[in-house]
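Report on the structure
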Amino acid sequence: MALTKFDICNRALIMLGANKITSFSDGTVESDVCDTLYEGEYENQLSLHPWKFATLWYDLGVRTATIPGQKFDYSWNLPGELLTLRGVYLDNNPQKDYERTGQTIQANFSEDAEPYIWGMFSVEENRLPPFFVQGMVMSLAALFAGPITEKDSKIKVYTDLAALQMAKARNKDSQES
């Protein structure tokens, strides 16, 4: 069975003694909390570390705009799934003279340059390694604890467990080749 965002949320909800959900629009407190907090926390956790399972090289292709009269003359669109830009390269050489502006890279590379990037990209839940899933479950339990249980003690416990589990996940990720 493929892992879904609902499976991850349900694991966190069960840890808090709450009811499971089947969608983010169930009309329950649990589904409202998951709908409000899940996506932001998922993207946050993916962008906090250069996870090997979420790191990709991406060819930006040909330039998408010419912007004369500005600091940089050319612009390339970034992919929508990009969460964190780690570097821009031309011919295997890291570049320093560029700027990210919104969802574009602007630079004075040659007119026919085809830069590529290294970055953190969003990954479908069914492709996540177990160590990251467990870290997400703990992080969500920490976030959900306030609105679901209204107990400060549970918030503290799950915040500490989330920090520990994410540290273990980063360690495990660093051991993979």
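Every value quoted in this text rests on a predicted model; they were computed, and no experiment measured them.

Looking at helix α3 (residues 130–149)
Approximately 35° is the largest bend angle found in α3, and it occurs at L143, with the proline P147 only one to four residues beyond. Burial runs high along α3: 14 of the 20 residues are buried. Where α3 ends, the next residue or the one after it, E150, has phi of about 55°, a positive value.

Thoughts on the nonpolar core
In this structure, I8, W51, F53, F132 and F144 are the most contacted members of the largest nonpolar core, which totals 35 residues. Residues contacting W51, with those up to four places away along its chain left out, are Q45, L46, M120, F131, F132, M166, A169, R170 and D173. Core analysis: the second largest hydrophobic core is formed by 14 residues, Y74, L82, F109 and F121 among them.

Re the packing of aromatic side chains
In the structure shown here, the tally under the stated rule is 15 aromatic pairs. With a centroid separation of 5.0 Å and 70° between ring planes, the pair formed by W57 and Y89 is classed as edge-to-face. Placement of W57 in strand β1 (residues 55–59) and of Y89 in strand β4 (residues 82–90) is noted, with a sequence separation of 32 residues between them. Judged by relative accessible area, W57 falls into the exposed class, the value being 51%. Taking relative accessible area as the criterion, Y89 reaches 17% and is therefore assigned buried. With a centroid separation of 5.8 Å and an interplanar angle of 15°, the aromatic rings of Y89 and Y116 are classed as stacked. Residue Y89 is located in strand β4, and its partner Y116 is located in strand β8 (residues 116–121); the two are separated by 27 residues in the primary sequence. Following the ring pairs from residue to residue traces out a cluster consisting of F6, F24, Y38, Y42, W51, F53, F131 and F132.

Regarding the sheet that holds β4
What links the strands of a sheet is backbone hydrogen bonding, and the strands pair in either a parallel or an antiparallel sense. Strand order in the open sheet made by the 4 strands is β1-β8-β4-β5, with antiparallel pairing throughout. Bordering the open sheet on either side are β1 and β5 (93–95), each of which pairs with just one other strand. Neighbour-to-neighbour, the strand axes of this sheet turn through a mean angle of 40°, independent of strand direction. Across 3 bridges, the pairing between β4 and β5 is antiparallel. Considered in β5, the bridge of V88 is made with Q95. Lying on the sheet, helix α2 (residues 29–47) is in contact with β4 and β8; it crosses β4 at an angle near 35°.

Definitions and cut-offs
Residues numbered from 1 in each chain as written. Predicted model: local features only at pLDDT ≥ 70, side-chain atom pairs only at ≥ 80, totals over all residues. Heavy atoms only, no water. Bend = angle between axes of the 7 residues up to and from the residue. Helix = DSSP H or I, 4+ residues; strand = E, 2+ residues; numbered from the N terminus. Buried < 20%, exposed > 50% of the residue type's maximum accessible area, 1.4 Å probe, protein only. Core = buried A, V, L, I, M, F, W, Y, C linked by side-chain atoms within 4.5 Å. Contact = heavy atoms within 4.5 Å. Phe/Tyr/Trp six-rings, centres within 6.5 Å; stacked < 30°, edge-to-face > 60°. Pairing = 2+ DSSP bridges. Axes fitted to C-alpha atoms, helices over the stretch in contact; angles between N-to-C directions.

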